[in-house]
Protein chains: 2
Amino acid sequence: MAASSRFDFSLYLVTDRRLAGEFSLTELVSKAVAGGVTVVQLREKDCSTREFLEMALAVKKILPAGIPLIINDRLDIALAAGADGIHLGQSDLPAEIARKYLGPEAIIGLSVENFDQLREAINLPVDYLAISPVFPTPTKTDTGPAWGIEGLRRARSFTEKPLVAIGGINGTNVVEVVKAGADGVAVVSAICAATDPVEAARRLRRLIESARKKQAVSAEEK
Amino acid sequence: MAASSRFDFSLYLVTDRRLAGEFSLTELVSKAVAGGVTVVQLREKDCSTREFLEMALAVKKILPAGIPLIINDRLDIALAAGADGIHLGQSDLPAEIARKYLGPEAIIGLSVENFDQLREAINLPVDYLAISPVFPTPTKTDTGPAWGIEGLRRARSFTEKPLVAIGGINGTNVVEVVKAGADGVAVVSAICAATDPVEAARRLRRLIESARKKQAVSAEEK
């Protein structure tokens, strides 16, 4: 885990309303938060700017204090909705520009898809890095090869910046992701496509916390 | 024509790089400006935010002083590129938000597709209204029914705000559009798809100026 961070990235929901089935976007987010999600990133494509803004405002309205709302890619939506931050990919705006307009308090995250990008990102004004994808994932197909647990561990030993692992993470592999040093775990389908998003989030959160406890114990024993 | 305006909307190019054929986007814009275009709006879809920003910066670099660069829809790109303004559609951000972030000097335009939208737009902080579409057009298919020349004339008598006519305008109908009271004429394919964009722009500009002279003469004769 990184030395410290202003934010709790433990269980980081990335939305995809198309996976939400019977639930509306706000229902899905409410349920995920009830289950223990600590950050919500709105990643919505194929909609107009106005629709994206309306979704952002609706989600912001229902989020409890302390659960930040992060907007994927779009600085205009982050500004207009008064979101807590932005998540940038490698084809999005430069982090410096996002920082300039969002200010020093905003949360800015950046996806890194390989070690070169990680190395470049170290000096950027970002609050966390998303190691993307840790495992191959069907939700996002425009990424490079997966980092794997070993890649995540190397990234961890390279930087103290908070690391959020994303891509193919679910109940079967979340423990090893946390043990490899991720400060947070981002999921899309593991919560968005769950029939019971509250329970899905609760279970993931419990696994994350218990993996951390074991980590702490094993560190003390050393 | 509207009483006065800070800007010259006479011949307003809306880009579509997919129509530009053998020319790059910047070549197309250079040629259009050489031919007499007075405003350039970058309307580019199906590209990443970073690509859009890079196009905006490249176009800005080659535009002579006095030819404003307007960005379609995206406030983030307008801010990041230091563009002169933004053009908003009915599904884009509210004009007030664009004004808040771009400041009082920026050019903000809004498309209105019917009389209700025109009526609503009168009190918005926008510098011009785009009467869209004046004629049916294949370039943009998500619009309402065409205003027609009669609709443009009604719009003109309703407001003093600068009006830019858009949709299906070319050499065969530009004169009647100007006579109906448009302060400017926006074109996409009439320039972007022309084999000689310099000559296409020059011819349109000449037709606009001569229509205005005739209008002025006929106003004097009354």
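The structure under discussion appears in the preceding block.
Here's what I pulled together on the structure shown here.

1. Here's the deal with the sheet that holds strand S1 (residues 11-14) of chain B
Residue and element names in this part refer to chain B. Strands sit in the order S1-S2-S3-S4-S5-S6-S7-S8 around a closed barrel of eight strands; the barrel is parallel. Ignoring which end each strand starts from, the neighbouring axes of this sheet average 25 degrees apart. As judged from the three bridges shared by S1 and strand S8 (residues 184-187), these two strands associate in the parallel manner. The partner of Leu13 across the bridge, within S8, is Val187.

2. Quick word on the packing of helix H1 (residues 25-35) of chain A against helix H9 (residues 197-221) of chain A
Residue and element names in this part refer to chain A. The contact between H1 and H9 brings their axes to 7 Å, and the two run at 35 degrees. The element H1 and its partner H9 pack so that their crossing is right-handed. Together, Leu28, Lys31, Ala32, Ala34 and Gly35 of H1 and Pro197, Val198, Ala201, Arg202 and Arg205 of H9 make up the contact between the two elements. When its residues are assigned to classes, the contact of H1 with H9 shows six nonpolar, one polar and three charged.

3. Let's talk about the pairing of strand S4 (residues 85-88) of chain B
All names here are of chain B. Neither face of S4 is left uncovered, since the one carrying Gly85 and His87 and the one carrying Ile86 and Leu88 both have all their residues buried. Of the pairings in the sheet, the one linking strand S3 (residues 69-72) to S4 comprises three bridges and is parallel in character. Each residue of the ladder has a partner; that of Ile70, found in S4, is Gly85. You can see the chain leave S3, run along helix H3 (residues 75-81) and come back into S4, and the turn it takes is right-handed.

4. What about the sheet that holds strand S5 (residues 107-112) of chain A?
For sheets, the rule is that strands pair by backbone hydrogen bonds, running either parallel or antiparallel. Residues and elements named next belong to chain A. Pairing is parallel in the closed barrel, where eight strands are placed in the order S1-S2-S3-S4-S5-S6-S7-S8. The average angle at which neighbouring strand axes cross in this sheet is 25 degrees, direction not considered. Contacts between helix H2 (residues 49-62) and the sheet are confined to strand S2 (39-42) and strand S3 (69-72), with S3 contributing the most and set at about 165 degrees to the helix.

5. Thoughts on the interface of chain B and chain A
Each partner contributes residues to the interface: chain B has 17 residues there, and chain A has 17 residues. Between the two partners, chain B and chain A, sit two salt bridges. The salt bridge involving Asp76 of chain B is made with Arg74 of chain A; its shortest N-O contact spans 3.8 Å. Seen at the junction of chain B and chain A, the total is ten residue pairs in polar contact (both at pLDDT 80 or more). Among the elements of the structure, helix H2 (49-62), H3 and helix H4 (95-102) of chain B are those that each provide at least two residues to the side of chain B that touches chain A. Ranked by residues supplied to the side of chain B that touches chain A, first place goes to H3 of chain B with four residues.

6. Side note on helix H6 (residues 148-158) of chain B
Those residues of H6 of chain B that fall on the buried side of the exposure criterion are Ile149, Gly151, Leu152, Ala155 and Arg156 of chain B. For H6 of chain B, the angular spread of the buried residues around the axis is 160 degrees, confining them to a single face.

Procedures and definitions
- Along each chain, the written sequence defines residue order, and numbers are assigned to residues from 1.
- For this description, chains carry letters from A and ligands carry numbers from 1, given in the order in which they are written.
- For a predicted model such as this one, the threshold for reporting local features is a pLDDT of at least 70, and the threshold for listing and counting side-chain atom pairs is 80 or more; totals across whole chains, interfaces and linings nevertheless cover every residue.
- Heavy atoms throughout the structure, all of them, feed into the side-chain values; hydrogens and water do not.
- The pairing criterion is simple: DSSP has to find at least two bridges between the two strands.
- A run of DSSP states H or I qualifies as a helix once it reaches four residues; a run of E qualifies as a strand once it reaches two. Both are numbered from the N-terminal end.
- In this description, a line fitted to the C-alpha atoms serves as the axis of each element, helices being fitted only across the stretch in contact, and the angle between N-to-C directions of two axes falls anywhere from 0 to 180 degrees.
- Rotating anticlockwise by less than a right angle from the far helix to the near helix defines a left-handed crossing, while the corresponding clockwise rotation defines a right-handed one.
- Residues count as neighbours in contact if any of their non-hydrogen atoms are within 4.5 Å of one another.
- Lys, Arg, Asp and Glu make up the charged group, whereas Ala, Val, Leu, Ile, Met, Phe, Trp, Tyr, Cys and Pro make up the nonpolar group; the residues left over, Gly among them, are polar.
- Only protein chains enter the accessibility calculation, which uses a 1.4 Å probe. A residue is then buried if its area is under 20% of the maximum for its type, exposed if over 50%, and partly exposed in between.
- Here the term right-handed applies to a crossover when the path leading from its first strand over the helix to its second strand runs clockwise, the strands being oriented away from the viewer.
- For this analysis, a salt bridge means a side-chain nitrogen from Lys or Arg found within 4 Å of a carboxyl oxygen belonging to Asp or Glu.
- A 3.5 Å cut-off defines polar contacts: any pair of N or O atoms within that distance qualifies, except that in protein one atom must be a possible hydrogen donor and the other a possible acceptor, and neighbouring residues in sequence count only when both atoms are side-chain atoms.
- The arc in question is the one spanned by the directions pointing from the helix axis to the C-beta atoms.

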